[in-house]
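# Structural overview for review
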Amino acid sequence: MNALAVEPFNVPHISYGKLSPLLIVFGVALVGVLVEAYAPRERRYLIQSVLATLGLVAALAAVVVVAAQASANNDGSSLGTIEAEGAIAVDGPSLFIWGTVLIFSIMSMLLFAERRLEGGITAFAGQAAALPGTEAEREAALRGIEHTEVFPLAMFAIGGMLLFPAANDLLTMFVALEVLSLPLYLLCGLARRRRLISQEAALKYFLLGAFSSAFFLYGIALVYGYAGSFELAEIDTAVSSTTGASGLLLTGMALLAVGLLFKVSAAPFHAWTPDVYQGAPTAVTAFMAACTKVAAFGALLRVFYVGLGGARWDWEPLMWLVAALTMAIGSIIAITQTDIKRMLAYSSIAHAGFLITGFIGAQQGLSIAGEEISSLQAVLFYLVAYGFTTIGAFAVVTVVRDAGGETTHLSRWAGLGKEAPLVAGVFAFFLLAFAGIPLTSGFTGKWAVFTSAWSGGAWPLVVVAVLMSVVAAFFYVRVIVVMFFSDPVGDGPTVAVPSALTTVAITVGAAMTLLLGVVPQPVFDLARHAGEFIR
Amino acid sequence: MSVTPFLVLSAVLFGVGAVGVLVRRNAIVVFMCVELMLNACNLAFITFARQHGNLDGQIAAFFVMVVAAAEVVVGLAIIMTIFRTRRSASVDDASLLKY
């Protein structure tokens with residue numbers, strides 16, 4: 001056995017410029033905490049919302065600058081470099097995912113900052129510590145107290161989401177996973193209305209999330225035991241240099257997959273998704289559904305392509321099973337749902353299945369001809385398409401209301417088409433995009449992942465995926481039928497007029513859904529330009 | 001000295017934690033079981049660090065301790081809130097969201 005080697009200490013080299021998007025987001029989050037401590041209560045909302053949005057815009061600008069520099073220095077192979085002593089890979093896919101997450105986060109911040117729908121107050125609990133239905137809660141509501149902590153919390157979560165897919169070693173990835181998850185657990189429990197189910201969602205998400213990250217961590221420990229390093233490149237070397245399967249590697253790989261598949265809400269680790277999506281404040285649900293999925297898929301792809309690519313014959317059968325199961329469960333159980341948010345949650349599970357189908361296609365960029373797209377690029381495009389539609393759809397859910405706040409039961413949406421043709425029309429458009437009807441982004445995205453999976457040899461899975469798309473189309477169309485061809489029950493739904501914030505989010509979501517359906521080429525080019533993961 | 005006993009102990013601790021999460025009802029106890037799983041991971045990290053003769057695993061253990069501490073803060077806050085609302089910390093009682 002070796003003695004622990006003592007090496008001379010070298011000052012780590014960190015290029016702050018390339019990591020500036022991350023640093024800006026974490027910096028703004030910390031400033032947000034200070035604002036919470038020192039700014040007077042009545043000014044906090046304005047300061048926090050403007051600060052968060054500007055911070056995200058600045059981070060997005062930084063991503064564009066870094067990406068421009070990286071493509072200027074491109075030597076023809078993979079874009080970008082590995083920074084921070086091997087901890088963070090600032091490569092093409094990372095930059096693409098950073099840009100995507102930041103754009104979705106800006107849209108989510110608009111929903112977070114919406115105040116007109118609740119009558120001049122945000123949709124978050126006035127005082128999370130005050131018990132529901134007590135004098136303290138009534139007083140907090142009367143005095144118009146609101147939790148502006150949601151903005152710094154969301155910023156920390158976004159910081160974690162940027163770090164998660166870019167992490168080039170498993171330890172960084174675990175820390176990023178926790179940095180993105182912990183604020184989300186809290187955000188889920190902060191709804192102003194229906195606080196019991198919101199708190200319950202937070203509890204369920206927390207316990208299951210902590211459980212799954214423990215599995216992820218044990219997976220890291222076992223893979224470390226196998227490879228002797230956390231770095232993905234060295235794990236790849238160790239995996240590729242030995243023939244035959246090792247129990248340590250197989251178990252570690254499976255446990256890593258549990259943690260990552262939990263985050264992307266793939267079956268059989270999807271059980272939390274409907275409960276949490278339904279119970280969380282709708283703005284938070286939109287944020288989680290779009291941004292977490294993008295970040296988690298980025299991390300999943302990086303671990304399995306870069307670190308464990310050499311063992312793909314071992315993990316592929318498992319992933320086939322997971323993909324088929326996820327699509328089936330998401331599409332079939334969604335049919336029986338009567339709650340819009342819950343139905344969208346199952347739809348999100350089904351989409352995770354379609355994304356994993358694309359991920360299995362696994363034809364790498366180096367081995368394909370010019371105009372074809374690799375499976376990584378197909379998945380990236382699908383994530384962009386799916387995120388815009390999801391945020392738009394959940395934003396529409398926030399404006400359909402009755403006296404008790406948002407009304408999410410499907411029966412209450414009956415006759416919405418007569419009451420508010422525009423809102424119902426936009427929602428129907430989002431649903432058609434989820435179903436993958438041509439001329440929407442959903443169709444282009446599905447086409448991209450299915451063709452890439454098909455040419456990767458996963459044709460049985462593509463057949464399952466197409467079948468499940470048909471099943472899924474059934475329940476999307478059912479909602480459209482309820483909205484347009486049913487008579488309203490009782491008073492029927494009312495559509496509150498939101499402020500410009502939510503309107504902008506819905507408009508951008510709808511416009512991008514249409515645009516990516518009609519002219520997807522620019523985003524495909526961007527994804528192709530992003531290239532493959534750096535090793 | 002062989003590292004195997006430590007790995008077996010770590011696996012046993014992890015298993016005890018995982019089973020505990022699945023069978024216990026009290027949210028605090030469930031949470032303690034998750035912490036046990038994290039500490040089992042720490043033991044595995046340190047054992048493998050010894051086996052490979054590098055420091056990575058030991059560093060990881062420190063990171064995990066910090067993360068576990070942060071998780072306790074968030075977790076206890078959520079469990080406290082739900083306990084004050086419902087006067088119960090049983091995970092079976094929190095069942096408004098289903099199907």
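Residues numbered from 1 in each chain as written. Chains lettered and ligands numbered in written order. Predicted model: local features only at pLDDT ≥ 70, side-chain atom pairs only at ≥ 80, totals over all residues. Heavy atoms only, no water.

### Here's the deal with the layout of surface pockets
Computed from the structure, the largest pocket encloses a volume of approximately 1300 Å³. Along the walls of the largest pocket sit 33 residues, with Ala84(A), Glu85(A), Asp169(A), Asp56(B) and Ile59(B) positioned nearest its centre. Counting only elements with at least two residues in the lining of the largest pocket, the list comes to helix H1 (20-38) and helix H6 (170-188) of chain A together with helix H3 (56-86) of chain B. Per-element tally for the lining of the largest pocket: the top contributor is H6(A), with four residues. For the lining of the largest pocket, the per-class residue count stands at 22 nonpolar, five polar and six charged. As a volume, the second largest pocket reaches approximately 500 Å³. As for the second largest pocket, its lining consists of 21 residues, and the residues nearest its centre are Leu95(A), Phe96(A), Gly99(A), Thr100(A) and Leu526(A). Broken down by secondary-structure element, the contributors of at least two residues to the lining of the second largest pocket are helix H2 (41-72), helix H3 (92-112), helix H14 (375-399) and helix H20 (521-530) of chain A. The biggest single contributor to the lining of the second largest pocket is H3(A), with seven residues. For the lining of the second largest pocket, a count of residues per class yields 16 nonpolar, five polar and no charged. (1 Å grid on protein atoms, 1.4 Å probe; cavity = no way out; pocket = protein on both sides within 12 Å on 5 of 7 lines; lining within 4 Å. Points joined across faces, edges and corners; volume = space filled by probe spheres on them. Helix = DSSP H or I, 4+ residues; strand = E, 2+ residues; numbered from the N terminus. Nonpolar A, V, L, I, M, F, W, Y, C, P; charged D, E, K, R; others polar.)

### So, helix H17 (residues 441-455) of chain A
Residues and elements named next belong to chain A. Here H17 spans 21 Å end to end across 15 residues, near enough to the 21 Å set by a 1.5 Å rise per residue. Among all positions in H17, only Ser-441, Gly-442, Thr-444, Gly-445, Lys-446, Ala-448, Val-449, Phe-450, Ser-452 and Ala-453 are buried. With its phi angle positive at about 95°, Gly-457 sits one or two positions after the end of H17. (Expected span 1.5 Å × (residues − 1). Buried < 20%, exposed > 50% of the residue type's maximum accessible area, 1.4 Å probe, protein only.)

### Quick word on the sheet that holds strand E5 (residues 494-495) of chain A
All names here are of chain A. Spatially, three strands are ordered E4-E3-E5 in an open sheet, and the strand pairing comes out antiparallel. Among the strands making up the open sheet, the edge pair consists of strand E4 (405-406) and E5. Direction of pairing for strand E3 (residues 400-402) relative to E4: antiparallel, over a ladder of two bridges. Its bridge partner lying in E4, Asp-402 is registered against Gly-405. (Pairing = 2+ DSSP bridges.)

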